[in-house]
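Analysis of the macromolecular model
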Amino acid sequence: MSSEPHRRTYAQRALHHKNPAAKLLLETIERKQSNLAVSVDVASTKDFLAIIDVVGPFVCLVKTHIDIIEDFTPSLITDLQALSAKHDFVIFEDRKFADIGNTVALQYSSGVHKIASWSHLTNAHPVPGPSIITGLSSIGLPLGRGLLLLAEMSTKGSLASGSYTEAAVQMARAHRDFVVGFIAQRRMDGVGAGPNEATTEEDFLVLTPGVGLDVKGDGMGQQYRTPREVVLESGSDVIIVGRGIYGKDPSLVDNIVAQAKRYKEEGWAAYLARIEPA
Ligand code: S5P
């Protein structure tokens, strides 16, 4: 078996992951043969639930921005959890926490959205330093949740590069029980490791946004690469697609299904090519 995580199958990697949320994601990817995550960035509860019900069969994960929803009520969460059970997908609230430990712990556990109570995965900017992980893990770890650090971003001119990215990976390495991987544009294996630091045992998940087959950007700084570039060439584990799937019109169900199938197939073909023996 290869020691490089991205040369192993999702199923092999699931066996060795101790964090329950990471394990669930890897198992779900394998079971559904899908490394596609859909990012559902719409403002109404009706569109939000309708899109998720339609794409559900094709995705391993649904990524939310719960604070975008204009008519939010707690029953939305019950409905989201029912869809997660019906279609077998993991939930990732893309909250991008970025404050001191005490504040993020409150933002994660409390307020209107109570994210920790329903989201298997969430993410944080490493900018405050390791205390952001301490704060979030005090809430999330007892619940079996997992955290992704934003080591890189998909946007033009992103400041998350070079030594910042290396420091993010070092922070993750020091908290492997709770930090299960990265939002990044490529694999982070060995990034920022000292010459004598053994990193062969680590298996961080890499989830990559900025994925599109038809356009290269959105006119607001977003940059798109294809599933093949992301999964095969850059070694990412999950492609995150938003407007590429529902963008034309959230009510065009046939088109959403067609796009979800298309991205699922592209993402899986790129993974199969990646794990092929050299
Ligand atoms: O670097 C990033 C990190 C994230 S989480 N770039 C991103 O685009 N995202 C998120 O992925 C972003 O907040 C949005 O929800 C999604 C991309 O959406 P799309 O419509 O451009 O595919």
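In this text the structure is predicted, and so the values were computed from the model without any measurement.

Analysis parameters
Residues numbered from 1 in each chain as written. Predicted model: local features only at pLDDT ≥ 70, side-chain atom pairs only at ≥ 80, totals over all residues. Heavy atoms only, no water. Buried < 20%, exposed > 50% of the residue type's maximum accessible area, 1.4 Å probe, protein only. Helix = DSSP H or I, 4+ residues; strand = E, 2+ residues; numbered from the N terminus. Pairing = 2+ DSSP bridges. Right-handed = clockwise from strand over helix to strand, strands pointing away. Axes fitted to C-alpha atoms, helices over the stretch in contact; angles between N-to-C directions. Parallel < 35°, antiparallel > 145°, perpendicular 65-115°, else oblique. Left-handed = near helix turned anticlockwise from the far one by under 90°. Contact = heavy atoms within 4.5 Å. Nonpolar A, V, L, I, M, F, W, Y, C, P; charged D, E, K, R; others polar. Arc of directions from axis to C-beta. Core = buried A, V, L, I, M, F, W, Y, C linked by side-chain atoms within 4.5 Å. Near = heavy atom within 4 Å. Polar contact = N/O pair within 3.5 Å; in protein donor to acceptor, adjacent residues only side chain to side chain. Areas by Shrake-Rupley, 256 points an atom, 1.4 Å probe, with all protein chains shown as cover.

So, about the pairing of strand β2 (residues 61-64). Both faces of β2 are covered, namely the face carrying Leu61 and Lys63 and the face carrying Val62 and Thr64. Bridge count for strand β1 (residues 36-40) against β2 is four bridges, and the pairing is parallel. Residue pairing in the sheet places serine 39 in a bridge with lysine 63 of β2. The β-α-β motif built from β1, the intervening helix α3 (residues 45-55) and the parallel element β2 has right-handed crossover chirality. Bridge count for β2 against strand β3 (residues 90-97) is four bridges, and the pairing is parallel. When the bridges of β3 are listed, lysine 63 appears paired with phenylalanine 92. Tracing the backbone out of β2, into helix α4 (residues 75-87) and back to the parallel element β3 gives a crossover that is right-handed.

The next point concerns the packing of α3 against helix α10 (residues 253-275). Two elements in contact, α3 and α10, have axes whose closest approach is 9 Å; the angle formed by their N-to-C orientations is 50°. Here α10 runs oblique to α3, going by the angle between their axes. Taken as a pair, α3 and α10 cross one another with a handedness that is right-handed. Here Ile51, Val54 and Val55 of α3 lie close against α10, whose contacting residues are Val253, Ile256, Val257 and Ala260. When the residues that make up the contact of α3 with α10 are grouped by side-chain class, the tally is seven nonpolar, no polar and no charged.

Let us now look at helix α5 (residues 101-109). Residues of α5 that are buried include every one of Gly101, Val104, Ala105 and Tyr108, and no others. Looking straight down α5, one finds that the buried residues subtend no more than 105° of arc, so they occupy a single side. Within α5, the exposed residues directed more than 90 degrees away from the buried face are Asn102 and Leu106. For α5, the secondary structure elements touched by its buried residues are β3, β4 (121-124) and α6 (131-140). Taken from the residues just after α5, glycine 111 is the one with a positive phi, measuring 70°.

Before going further, it helps to spend a moment on the packing of α3 against α4. With their axes 10 Å apart at the nearest point, α3 and α4 run at an angle of 10° to one another. Of the possible angle classes, the one that applies to α3 and α4 is roughly parallel. In this structure, α3 contributes Thr45, Phe48, Leu49, Ile52 and Asp53 to the contact, and α4 contributes Leu76, Asp79, Leu80, Leu83, Lys86 and His87. When the residues that make up the contact of α3 with α4 are grouped by side-chain class, the tally is six nonpolar, two polar and three charged.

This next bit is on the nonpolar core. Within the largest apolar cluster, 81 residues are counted, with the highest numbers of intra-cluster contacts made by Leu25, Phe48 and Leu207. In this structure, leucine 25 is in contact with Cys60, Leu61, Val90, Leu121, Leu205, Leu207 and Val238, ignoring residues within four places of it in sequence.

Before going further, it helps to spend a moment on the site of the ligand. Taken together, 16 residues form the shell around the ligand, and within it Asp41, Lys63, Ser154, Tyr224 and Arg243 come nearest. Within the side chain of serine 39, a nitrogen or oxygen atom sits 3.0 Å from an oxygen atom of the ligand. At a separation of 2.7 Å, an oxygen atom of the ligand approaches a polar side-chain atom of arginine 243. For the ligand, whose accessible area on its own is 490 Å², the fraction buried by protein is 92%. Across the shell around the ligand, the residue classes break down as six nonpolar, five polar and five charged.

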